[in-house]
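Examination of the molecular architecture
So the chains spell out like this:
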Amino acid sequence: MTQLHQVSRTPATLSPGARIPALDGLRGLAVAAVLLFHAGGISGGFLGVDLFFALSGYLITDLLLREAAATGTVSLTAFCQRRIRRLAPALVVVLVIATVVVWAAGMTDLWSSALSDGPWVQLNLVNWHLIGESAGYWDRFGADRLFGHLWSIAVEEQFYLLWPVAVLLLVRRTARVSRTVALLAVIVSLASLALMVLLVGDGDTTRVYTGTDTRAFSLMLGALAATEPARNLLRRITGRLAGAVCAVLLAGIAMSWLLVDGETSRGLFHGGLFAHSLAAAALVALCAQAPENTVASMLGTPSLRWLGLISYSLYLWHWPVFLVLTPERLGVSGWLWATLVCAVSICLAALSRRFVEDPVRFRAGWARGRTGIAVFAAVMAALALLWVVVPRPAAQTVDPGALASPGTVSTSGPRMSKVLFMGDSIAAGQALPLAAAMKAAGVGFTSIAADGGGGVVGPLAETTWQTLPATLETVRPDVVIYQVTTYDWGTETEQRTGYQRLADAATGIGATTVFVTMPPIVPDEFYSPHMPDLGRTASVAQKIAEESAGRVIVLDSAEVWGPDFQRERDGKADRSSDGIHTCPHGAARFTTWLMTQLTARFSGVGQADPATWANTGWAADDRFKGC
């Protein structure tokens, strides 16, 4: 979210003067798109972040090249101090206030995520932290993280640390700085694109969407657009048609925001994001080169400019506001809710700029020089202390007495000594108490339940099938338990083929297949079109069981959950507030039920009293945020 004073187009002139209104307007459009995306308004609004990246790459590189042309070097100290004065004050205020608010309000899931993620935000590494925790960006039913949106700020901060050093090294080694910088930007952009295509796979795309290495091209294409060779090329291509080209680029970008979906538009990760970033970089450069054209003038209107001027703080504030002021807490929904939370976010951003950012950036003498460095170090130390002194939420526990007693143990059924458990992120949460219960029952347990996938049918099934045969050979389970996933959509023939393929693979190693029906969910606009398909899965699995000569079993989890989603049972949170996952109480009830079903059908399974596994630490897992 870079905002810099714009300078004249003469490379040798370093002016802290007038801004280019159109670039402020582009910031305004970008942040509006992000807000609308998070409010559920436009499916491709997340691409506003790419426009921010392109702006940042362009403006930072333009500034560095101008400094190099005027002074023959780049002052890394001065650059870092400017960035600190620009970015740190608003960020620190948001981190502190948001953390204290969710702590004071007892919002356990947000409070826990703030303490988990906050230190990584401070270190400018939160994107890698979230990747390491397998926090799916597109998991619309995943646990909300108070600072999850700051992955993009981390990517930009990493760029600010590395790119000026690279430019300085080039300044010291070559006289043709702009051309060499352009060449380096092209090389890094293409390498970044290649990494994205190589790493994306068929499953969740969070790794390539939020990784610095695979998103570097969005920044580097902006950097490329700021170099003299790129500017000259744009002039030759557009000539007097700069305004028309800007109109085409802006229209294409706007259409992509309206039409694409990050979770299902797989082409984004095979060149689509690169093309969008290239268009954004070209639009930024043309608006800077020809600020008098019609499109640039339109982008420079006062309302868009003002939104652009508060875009950084607005981006910081909007997500915590959205998570704290939920439709349930406000008692309103839809566009009324979106309007209210956007209005609150804009007010907070305007206050931040007026009373925090501008005073520190432009008027506070103590924020400069050695005093500024000392103050920054003190603030960082105090912020680090915050993550220590704010208490952690109490760990969730399960009442063993509220769970059913172990059922009858079979002595004549097929033996069950090893279990392979499969499913999506719902099953991944249930696998935690299941592992504890299976251990107490003397049964080996392996879970390959996966976030954002795990199915054997549907759009993400091939990712499962790439590794499943080898996993079966390695684990050699007696029983394969497959909980139907929220992605098991397709035609009846496709579902039958996928389920039969699983049953055949299990039979091939002498294992019994147990299908567990999917828990009821609260479908949103993403899942609603697929609910008829998901509603068919139980009958498809049952037909396969009837033809399997006892090698396939279907267990109806409605015995646990009932026919409809139910948030609380027995006065306790049973299912997550996200409308799909389970809470510790629900996961424990499911485990008790499943263990009872299995011990009645398979021999070699000891009785697992809930007292032996219900409170062994699994309930404190981050998967149960939202409970």
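Up top you'll find the structure we're talking about.
In this report, we go over the structure that sits alongside the text. Since this is a predicted model, take the numbers as computed values, not measurements.

**A closer look at the sheet that holds strand E2 (residues 444-447)**
Sheet architecture is open: five strands sit in the order E2-E1-E3-E4-E5, paired in parallel fashion. Only two strands of the sheet have a single partner each, and these edge strands are E2 and strand E5 (552-555). Strand-to-strand twist in this sheet, taken as the mean axis angle between neighbours without regard to direction, amounts to 20 degrees. Sheet topology places strand E3 (residues 479-483) next to strand E4 (residues 512-516); five bridges connect them, and they run parallel. Residue pairing in the sheet places Val479 in a bridge with Thr512 of E4. Strands E4 and E5 of the sheet are contacted by helix H22 (residues 531-546), whose axis makes an angle of about 145 degrees with E5.

**A word on the layout of surface pockets**
Over the atoms a probe the size of a water molecule is rolled, and this reveals where empty space is left. In this structure, the second largest pocket encloses a volume near 680 Å³. Residue lining of the second largest pocket: 38 residues in total, with Gly203, Asp204, Asp451, Gly452 and Gly453 positioned closest to the centre. Those elements that provide at least two residues to the lining of the second largest pocket are helix H8 (206-210) and helix H20 (461-475). Per-element accounting of the lining of the second largest pocket gives the leading share, five residues, to H20. The residue inventory of the lining of the second largest pocket, partitioned by class, reads 15 nonpolar, 16 polar and seven charged.

**Quick look at the packing of helix H19 (residues 425-440) against helix H24 (residues 584-601)**
Working note: a packed helix pair is described by the angle between its axes plus the distance between those axes. One can describe the packing of H19 onto H24 by two numbers: an axis separation of 9 Å at closest approach and a directional angle of 50 degrees. Taken together, H19 and H24 sit at an angle that is classed as oblique. Remark: the crossing between H19 and H24 carries right-handed chirality. Residues Gln430, Pro433, Leu434, Ala437 and Met438 of H19 form the contact with H24, whose participating residues are Ala587, Phe590, Thr591, Leu594, Met595 and Leu598. Along the lines of polarity and charge, the residues of the contact of H19 with H24 split into nine nonpolar, two polar and no charged.

**Structural notes on the nonpolar core**
Counting 127 residues, the largest nonpolar core has Leu26, Phe147, Leu150, Trp163, Phe269 and Cys287 as its most contacted members. Every residue in contact with Phe269, bar those within four places of it in the chain, is listed here: Trp138, Met196, Val197, Val200, Thr205, Val208, Tyr209 and Gly262. Formed by 39 residues, the second largest nonpolar core is a distinct cluster that contains Ile553, Val560, Ala588 and Trp613.

**Some remarks on the pattern of salt bridges**
In this structure the tally under the stated criterion is 17 salt bridges. Its salt-bridge partner being Arg501, residue Glu462 comes within 3.9 Å of it at the nearest N-O pair. Residue Glu462 is found in helix H20, and its partner Arg501 is found in helix H21 (residues 492-508); the two are separated by 39 residues along the sequence. In this structure, Glu492 engages Lys543 in a salt bridge whose closest nitrogen and oxygen atoms are separated by 3.1 Å. In this pair, Glu492 sits in helix H21 while Lys543 sits in helix H22, placing the two residues 51 residues apart along the sequence. Taken together, the shared-partner salt bridges in this structure form one network comprising Asp24, Arg27 and Arg305.

**Details of helix H4 (residues 108-122)**
The first and last C-alpha atoms of H4 sit 21 Å apart over 15 residues, in line with the 21 Å expected at 1.5 Å per residue. Maximal helix bending in H4 amounts to about 35 degrees, located at Ser116; proline Pro119 follows within four positions. Of all 15 residues that make up H4, 11 are buried, and the element is covered over most of its length. Within the sequence span of H4, burial applies to Asp109, Leu110, Trp111, Ser113, Ala114, Leu115, Ser116, Asp117, Gly118, Val121 and Gln122. Residues of H4 that are buried sit in contact with helix H3 (76-104), helix H5 (126-132), helix H15 (311-324) and helix H18 (369-389). Among the residues trailing H4, Asn124 stands out with phi positive, at a value near 60 degrees.

**Quick notes on unusual backbone geometry**
The backbone of Asn124 shows a phi angle near 60 degrees, a positive value even though the residue is not glycine. Of note, the phi angle at Arg476 is positive, near 50 degrees, even though the residue is not glycine. Summarising the element assignment, Arg476 is placed in the loop between H20 and E3.

**A look at the side chain of Ser277**
Along the chain, Ser277 turns up in helix H12 (residues 272-289). Among the polar contacts listed, one links the side chain of Ser277 to the side chain of Ser218, at a separation of 2.9 Å. If near-sequence neighbours (up to four positions away) are discounted, Ser277 is found in contact with Asp50, Ala54, Phe217, Ser218 and Leu221.

**Details of H22**
Along its 16 residues, H22 runs 24 Å from first to last C-alpha, staying within 8% of the 22 Å computed at 1.5 Å per residue. Along H22, the sharpest change in direction is near 30 degrees and occurs at Thr537. The set of residues buried in H22 consists of Asp533, Leu534, Thr537, Val540, Ala541, Ile544 and Ala545. Packing partners of the buried residues in H22 comprise H21, E4 and E5.

Conventions adopted
Residues numbered from 1 in each chain as written. Predicted model: local features only at pLDDT ≥ 70, side-chain atom pairs only at ≥ 80, totals over all residues. Heavy atoms only, no water. Pairing = 2+ DSSP bridges. Helix = DSSP H or I, 4+ residues; strand = E, 2+ residues; numbered from the N terminus. Axes fitted to C-alpha atoms, helices over the stretch in contact; angles between N-to-C directions. Contact = heavy atoms within 4.5 Å. 1 Å grid on protein atoms, 1.4 Å probe; cavity = no way out; pocket = protein on both sides within 12 Å on 5 of 7 lines; lining within 4 Å. Points joined across faces, edges and corners; volume = space filled by probe spheres on them. Nonpolar A, V, L, I, M, F, W, Y, C, P; charged D, E, K, R; others polar. Parallel < 35°, antiparallel > 145°, perpendicular 65-115°, else oblique. Left-handed = near helix turned anticlockwise from the far one by under 90°. Core = buried A, V, L, I, M, F, W, Y, C linked by side-chain atoms within 4.5 Å. Buried < 20%, exposed > 50% of the residue type's maximum accessible area, 1.4 Å probe, protein only. Salt bridge = Lys/Arg side-chain N within 4 Å of Asp/Glu carboxyl O. Expected span 1.5 Å × (residues − 1). Bend = angle between axes of the 7 residues up to and from the residue. Polar contact = N/O pair within 3.5 Å; in protein donor to acceptor, adjacent residues only side chain to side chain.

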